[in-house]
Amino acid sequence: MLGLREGRPVNVAYETTFLINWPQHLGGGSVNLALEGAMVLIPALGTH
Amino acid sequence: MTTTQDPAELEISPEDIADRRRAQEPTDRVIFRVAGLYGVSKESAPFPVSRTEYIDSGPVSITLDPENHSSNIGVIDYDRRYLRITYGIHAVFPGIHELVMSGKHDLSLLGPVRAVATDECQVTPDMTGWRALGCLDFLPGSIWAGASGG
């Protein structure tokens, strides 16, 4: 992600686990959903 | 014509200047946008379709939500290796198609699922990515609208 600081797009890998709480009309309760993948990030406003 | 200003009227006092000197320097931060993404789940998850019925999702695939123009932004603080990112996603999975084929549900609610995800975490030491416990808020338009969590 260091490239962002230099104004360059970067490719990154991520792993995120979400705990999803279901609404009551679907019976409530919760489930874990683990996702992994990649993103392309581009600088938006420069370095602060 | 010139005017003089009473020093007592100046808004900045020596104490103010001293406070400014003690203030921490701005951290090394970059604001960025998400230009593209994909994600997959390796395992199936139970998704409810009523108070008593569940389906197995099968592997979930996500891509950037083409209708969401307000999310997809984040900030990284290099000093703390801290990241916060929000991104809109489209999710599809085999379970949706099974619902479509069953004919028992409103087809208008069985399109790609839209949600907004937020990750807030430390980035990896080599700065190539992150592992997070994220928040996922499902948007209107699907059976699962209103589901959320983190």
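Refer to the structure presented above.
In short, a report on the structure. (Residues numbered from 1 in each chain as written. Chains lettered and ligands numbered in written order. Predicted model: local features only at pLDDT ≥ 70, side-chain atom pairs only at ≥ 80, totals over all residues.)

Comments concerning the overall build of chain B
And then number 1: Along its length, chain B carries two helices and eight strands.
And then number 2: Ordered by position from N to C terminus, the α and β elements of chain B give α-β-β-β-β-β-β-α-β-β.
And then number 3: Relative to a compact globule of 150 residues, whose C-alpha radius of gyration would be 15 Å, chain B shows 25 Å and is clearly more extended.
And then number 4: Principal-axis analysis of the C-alpha atoms places the extent of chain B at approximately 85 × 40 × 30 Å.
And then number 5: Per-residue burial for chain B yields a buried fraction of 28% across its 150 residues. (Helix = DSSP H or I, 4+ residues; strand = E, 2+ residues; numbered from the N terminus. Rg over C-alpha atoms; globule rule 2.2 N^0.38 Å. Buried ≥ 20, exposed ≤ 12 C-beta atoms within 10 Å, placed from the backbone.)

Structural notes on the interface of chain A and chain B
And then number 1: Each partner contributes to the interface: chain A provides 36 residues, whereas chain B provides 42 residues.
And then number 2: At 16 residues, strand β2 (residues 30-47) of chain A tops the list of elements feeding residues into the side of chain A that touches chain B.
And then number 3: Of the residues assigned to the side of chain A that touches chain B, the class counts are 25 nonpolar, eight polar and three charged.
And then number 4: Judged from the six bridges that link them, strand β1 (residues 10-21) of chain A and strand β8 (residues 129-138) of chain B form a sheet pairing that is parallel. (Contact = placed C-beta atoms within 7 Å. Nonpolar A, V, L, I, M, F, W, Y, C, P; charged D, E, K, R; others polar. Pairing = 2+ DSSP bridges.)

A closer look at the environment of A:S30
And then number 1: Summarising the element assignment, A:S30 is placed in strand β2.
And then number 2: Look past the residues within four positions of A:S30 in its chain and what remains in contact with it is A:L19, A:I20, A:N21, A:W22 and B:G149.

Side note on the pairing of strand β7 (residues 113-122) of chain B
All names here are of chain B.
And then number 1: In this sheet, β7 lies alongside strand β6 (residues 82-92) in antiparallel orientation, the contact comprising ten bridges. Its bridge partner being in β7, Y82 is matched across the sheet by Q122.
And then number 2: Two strands pair when backbone bridges link them, and β7 and β8 are joined in this way by four bridges, in the antiparallel orientation. What sits directly across from A117, in β8, is L136.
And then number 3: Two successive antiparallel strands, β7 and β8, enclose a turn made up of six residues, where M127 displays a positive phi of approximately 60°.

With respect to unusual backbone geometry
Residues and elements named next belong to chain B.
And then number 1: Despite not being glycine, N72 has its phi angle at roughly 65°, a positive value.
And then number 2: Examined against the element boundaries, N72 turns out to sit in the loop between β4 (61-64) and β5 (73-77).
And then number 3: Residue classification places N72 among the buried residues on the basis of 23 C-beta atoms within 10 Å.
And then number 4: Even without being a glycine, R81 presents a positive backbone phi close to 55°.
And then number 5: Exposure remark for R81: the 15 C-beta atoms within 10 Å place this residue in the partly exposed category.

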